[in-house]
Structures are given as C-alpha cells and as structure tokens.
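# Observations on chain architecture
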Amino acid sequence: MPDAIQWVKKDPNKEDVFWPTAELKQRTWVSDEAIYDQANADPEAFWAKHAEDLHWFKKWDKTYEFAPQAYKWFIGGKTNLSYNSLDRHIEAGKGDNIALIWEPEPIKEEAVKLTYKQLHERVCKFANALKDLGVKKGDAVGIYLPMIPEAVIAMQACVRIGAPHSVVFSAFSSESLRDRMVDCGAKVIITADGYYRRGKPINLKKSADAGVEDSPVKKVVVVKRTGAEVPMTEGRDVWYQDVVANASSDCPAEQMDSEDLSFLLYTSGTTGKPKGIMHTTGGYAVQAYATAKWNFDMHEGDVFWCTADVGWITGHTYINYGPLMNGATTLVYEGSPDTPDTGRFWAIVEKHKVTQLYTAPTAIRMFIKWGDEWPAKYDLTSLRLLGTVGEPINVDAWMWYFNVVGGGRCPIIDTWWQTETGANMVNNLPGIGPFIPAIAGRPFPGVLGDILDSGGTPLGPNEGGYLAIFSPFPPALTRGIYGDMDRFKAQYFAEYGPERYFTSDGARRDEAGNIRITGRVDDVMNVAGHRLATAEVESALAQNDKVSEVAVVSRPHGLKGEVPVAFVLLRGGIEPSDDIRKELMATVNQVIGPTGRPDQIVFAHDVPKTRSGKIMRRVLKALVRNEPVGDLTTLQNPESVDQLKELVRHQE
Ligand code: WTA
C-alpha cells in the first residue's frame, strides 16, 4: 500500500498544503516542475508530442493556426476517435484487456465486462446498423440513453462513422430533447425502454416519444433494458437488439479531418435557450487523452470510475473517450448512490477494485451527511487517486474526501473546466502537486491563462478577477456554437478580444500561481454539479399561463452548492396556494426536468424594477442571500424590497 501523502504545513496561517509522496512521484507520468516552463514556452510542441501517441491516418501538416473564432489544431491531419479508443489497443495486442465494466443498479443483476475486442465488435455492428438506417458522415445523431453500456457503444459508433452525436441527459424532459433535436437536425435517435433508478424501473421511451414529435427525427432505435412494455411506432421505431443482430462486425473507422465535428453538446448559457457546443476530432482527442493520462495518473489495467452521467461533458470525456484512449477500464454505474443503501458507491469501489474515483462536491457533501460508517464498511484501499469536478469544493468536503475516502493516501485532483473546454484545464498534477483544499491549482501544462480585471489587465496574487484562457488555445477548446457564431463571439470573445477566451468564472490565485475558482459571474448556476441558467428556469415557469412575471436567482445551498429561487407574480385574480406551487413545479419538470426545480417559489405582488422596467435581479439575489441590497435609488419601486424580504422568510 502506498505510504501516506506527505503532510506539510508551510505556514500555520495558511490552508494545509499536501505534496505528493516519493512513491507517487516515481510512478506517475510527470513529476518535474520544469514541465510547466517547457510546455508554456511552446504549447504547440507540447500538444504535438501528446498527439504523436495517438493514431493518425495522415499526420497533420501544421500544428496550430489562429484566426478570430476560427483557430485550428493539427491542420491536415486525419484521425478517428473510435479508432484511437479501440482499434489502437487491439493492434497493440491488448484486445483482451477489459475496456468497460457495467454495474447495473439492481444488485441481483450481474455486472457486465467487455474487453476491448468485444467493445470494438459491438461498436462496429452498431455503426453498420446506423449506416443501414441511413446515417451518413456529417449527420447529427441524437442519443437519449441512461447509464448502460449502449450509451458508450452508441457514442463510439457515431464518431466511428463520422456522424456527430448529440447526447441529451436522460433525466432531461421531452421538451429539452425536442429543442436539441430540432436545433441539430437529427434524423435518428437512440434511446431505451427504460432504466433503474432507486430500485424502480423508469420509462424513458415515453419521454423519447413525446420529444420526437414535431422534430426532424425519423428513426428511433430502442435499447431493451428493463423489458417494459413500450409502444413501438411502425416504420419509425426499431429495437437496438434487432438492428445489430445481423449487422456486420467489419466497420473501418472513417478518416476524419482533424477539424471535423465529432460531437455537439448542449449546455446552458445566459439565455433561456441552451447552446450547441461544437467539438472537433483531432484537438479534442489529444487533450482528452493527455489530461486523462496525466491528471488521473492513468495506466492500462486501472479501473477508472467517473460518476458523472454521459449526458454531461464530464461523462463524454472521462467515462468514454479519455479512459478508452488510454487503454484503461472505464466503469459505468447505472443507478443511484443510495440503492440498495447509502453504501453503494463504496461497495462498487470494493467490488471492482476501483483505482481512481472522479466525482462532484455535491456527491461528497451527501456522503458526509450519510455518515462515515458507510465508507468504513468497505475496503477502499484499491483507490490511488481522487478527482473532483463541476463546482467549487469547500474545505470540509475536501478534507473528508481526502481522509475518509482516500485514507490520507490519495492526492485530490480538483479539475476546473467547462463543456466549452472539452477537457480539464486547471488542476495540479498528481506527481507535482500541491493539493490544497478548495484550490484547483495551476493551468495544465500548455494551457495559458491568467486572472484579469474587467478591463483585461492581469491581476496580482490574491486579487479577485476573471479567469481567461489565451491563444494558442488548448486543442479541445470549442470551435463554436452550432448555428450561432455571432453568439459564440459575443459570449466568449467580446470581453477580452479574439485571443483571450472569457470563461465567465471568477477566480484568484496565490503567490505560487495556484488558482481558486470562486464561481460563475454570469446567470449560470451549478445546481448539484449540473449546469443551469436562471433564464432557463424563468422561461420554463413563464410557460404556465397562471404566471404573469417571473425572476429566478441562485442561492447558495449546503448540499447542492447552489439552488434556484423563483419570484413569481401570478395573473390578476389568481391567489397563491400550495396547489399552484405544485403546478409550477410540475411545469418546470415538464419543460426542463427535475434538475430545474426551484428550491423555493416566492409569490410576490411586485419585484424590484429599474425605471425602464428591467427586473433588478441583483437585488433579488442579495435578498435571498441575506446580503445588503445596496443602492436602490435607480428603482421605480423601492418599497417592493422590504415586502419581498418578508415574503422570502415566510414562504420557505
Ligand atoms: C464550474 C463541467 C470550481 C465552473 C466540467 C464552470 C468548477 C462550470 C469546477 C462548467 C471546479 C467546473 N471548481 N468550479 N473544479 N469545475 N466548475 O459546463 O463554474 O457543466 O464554468 O462543465 O462548472 O460547467 P460544465
């Protein structure tokens, strides 16, 4: 067993700082500080070196090219994400290694293990089936699947034939599914009859059917998972098991241009309409591969468990492409962490000898609440490294994760990144450290970034500002918003110009350059690690015809990080009641899904507005946080503020 991480207290007035052990330094891929200077002096050479580990049908002619909102990587190169995830390892004689372990939620069901060869065969068969259904290179394909092996198989099959996938989180509503399919123009989607969640079968086909209505989708492939009776529409719906039955397992990977689209993933921006973030093939592959390898000390034979859903970017990069490109074993768990009891995660770690666990602070806070006795029941000594992602982690959660889960042996890699960045961007490396509670660390080698003030001037240590990323942009950074390049420019490059990407995150760094992320500076929330715009919840509520006006703001929450609070003005004559509150919750469920549900709905008569009639969300935000409301002189109705203060308190 590795010795405990060396505990160093440099300065009693500072947070505790942890450094890697000699054993860890020796084992991992990089442990020399000099890597930062080397990589940052020549990011192109740095990324090109990682790119050389991967397979290219044709090598690139030029590494990087910059033009405003049109930067490119590995220009002229031809590669394929699925080839790099599967064929590359089979060719190297490693086809019998386990690629994927699937743990179903019902404990009476057996886990499924697929070797690289078996996964390859399934991917090829399904890729051919997709072709038979008319899918061609460049066609978007929707994936609305739960956490079952077919989610990974379907994504791999799509990129294998050059059809960009657009995965929609299975807990999102049918309306969310429709919006996304309409936007990307998918003609085929892959879904399932259902899945298990908290011991119960959930019917997914019903939402898929509703979402497909009035959309461009013509074919629906349905994976049989629960065996539930689901209606199949003649001429439109086909069973996955039927289409793969006779498909050939010979499907050469399409030679994709490095800059070809590999997938779209919709994420929340500041408006009510999620945006389709575009990711390329070559650049994305290289950064997904390199960050999975270095950040998580990933080696063949490792059992890597990223607990995110495949519907989020974390699942794309660190359940599917990152671990598979590294030849590791990726673990996919179908269900809930409290089924059959709150020890399930630790039972899975013990059962499958998980070596690296990558999860979100929200989950960690929930585990703390459930009690130390649950992890204590299981043998967690297979764990070597822990990762966290999705929201700022608080010191208590960090220390608990470090001591109770990691047994004081495992470094914690706190990875800051976004759907837009495609792969990890800011975190310290396991062999270099330091690991500091609540601090992500330095940008990954080759990633140039800094903390700037609103005018674009770099700030000194401990000065709060905004995190920006500079050109040469990391290779996985998004190339745009699908169908809306104006919004792409306005959202990310208006602030600091075309060579400095604006992240929308507040941050500051210490003297050593370690960055603390303080959270979003726009109207995007992180609710239980799920990204959500206040405007999305507003537009969902506004769909209920009892609502005349609505404003949503975020409020910090002990468990979930942040939660939405809604201020609702009902139409004339309608009296607030618990029934209406329930009805509004149901509206949000229907439009967004359970992730969008407000923590509190405050029925108000008036909300603070400027003289020009704009709702002052800043004031509402201060109110729900019990903070000073600040200057109210520009309001047309300052008296509304005191009334609201009472209402917030009484309508808990
Ligand atoms: C937040 C998730 C603090 C941040 C990968 C970012 C974090 C947003 C961290 C992106 C972290 C992500 N520490 N905050 N380690 N990781 N965030 O697109 O506000 O779902 O802008 O991508 O999550 O969320 P997204």
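Now for a look at the structure at hand.

## What about the sheet that holds strand 23 (residues 449-452)?
Working definition: the strands of a sheet are paired by backbone hydrogen bonds and lie parallel or antiparallel to each other. The strand order across the open sheet formed by four strands is 23-24-26-27, and the pairing between neighbours is antiparallel. Of all strands in the sheet, those bounded by a partner on one side alone are strand 23 and strand 27 (515-520). Between one strand and the next, the sheet's axes are offset by a mean angle of 45 degrees, whatever the strand orientation.

## Details of the sheet that holds strand 13 (residues 219-223)
Taking strand neighbours across the sheet as the criterion, the eight strands line up as 14-13-10-8-9-16-17-25 in an open arrangement whose pairing is mixed. Looking along the sheet, the strands with just one partner apiece sit at the ends: strand 14 (237-239) and strand 25 (480-481). Across two bridges, the pairing between strand 17 (residues 275-280) and strand 25 is antiparallel. Looking across to strand 25, one finds that Ile277 is bridged to Ile481. Seen against the sheet, helix 7 (residues 174-184) touches strand 8 (141-144), strand 9 (165-167), strand 10 (188-192) and strand 16 (261-267) and runs at an angle of roughly 140 degrees to strand 16.

## Description of the packing of helix 6 (residues 149-160) against helix 11 (residues 313-325)
Remark: helix 6 packs on helix 11, axes separated minimally by 11 Å, with the N-to-C direction vectors making an angle of 65 degrees. With respect to the hand of their crossing, helix 6 and helix 11 are arranged in right-handed fashion. For the pair helix 6 and helix 11, contact is made by Val152, Met155, Gln156 and Val159 and by His316, Ile319, Asn320, Tyr321 and Leu324, respectively. The residue makeup of the contact of helix 6 with helix 11, split by class, is six nonpolar, three polar and no charged.

## What about helix 3 (residues 43-51)?
Among the residues of helix 3, Pro43, Phe46, Trp47, Ala48, His50 and Ala51 are the ones counted as buried. Buried-residue contacts for helix 3 involve helix 2 (34-41), strand 3 (62-65), strand 4 (72-75) and helix 10 (282-295).

## Focus: the side chain of Gln287
Along the chain, the position of Gln287 falls in helix 10. Gln287 gets classed as buried once you look at its relative accessible area, which sits at 0%. The residues touching Gln287, leaving out its near neighbours within four places in the chain, are Trp47, Thr421, Ala423, Asn424, Met425, Pro474, Pro475, Ala476 and Leu477.

## Here we look at the pairing of strand 16
Counting buried positions over the seven residues of strand 16 gives six, a clear majority of the element. Note: strand 9 against strand 16, two bridges, orientation parallel. Looking at the pairing, His165 lines up with Phe263 of strand 16. In this structure, strand 16 lies alongside strand 17, joined through six bridges in antiparallel fashion. The partner of Leu265 across the bridge, within strand 17, is Ile277.

Criteria and cut-off values
- Residues numbered from 1 in each chain as written.
- Predicted model: local features only at pLDDT ≥ 70, side-chain atom pairs only at ≥ 80, totals over all residues.
- Heavy atoms only, no water.
- Pairing = 2+ DSSP bridges.
- Helix = DSSP H or I, 4+ residues; strand = E, 2+ residues; numbered from the N terminus.
- Axes fitted to C-alpha atoms, helices over the stretch in contact; angles between N-to-C directions.
- Contact = heavy atoms within 4.5 Å.
- Left-handed = near helix turned anticlockwise from the far one by under 90°.
- Nonpolar A, V, L, I, M, F, W, Y, C, P; charged D, E, K, R; others polar.
- Buried < 20%, exposed > 50% of the residue type's maximum accessible area, 1.4 Å probe, protein only.

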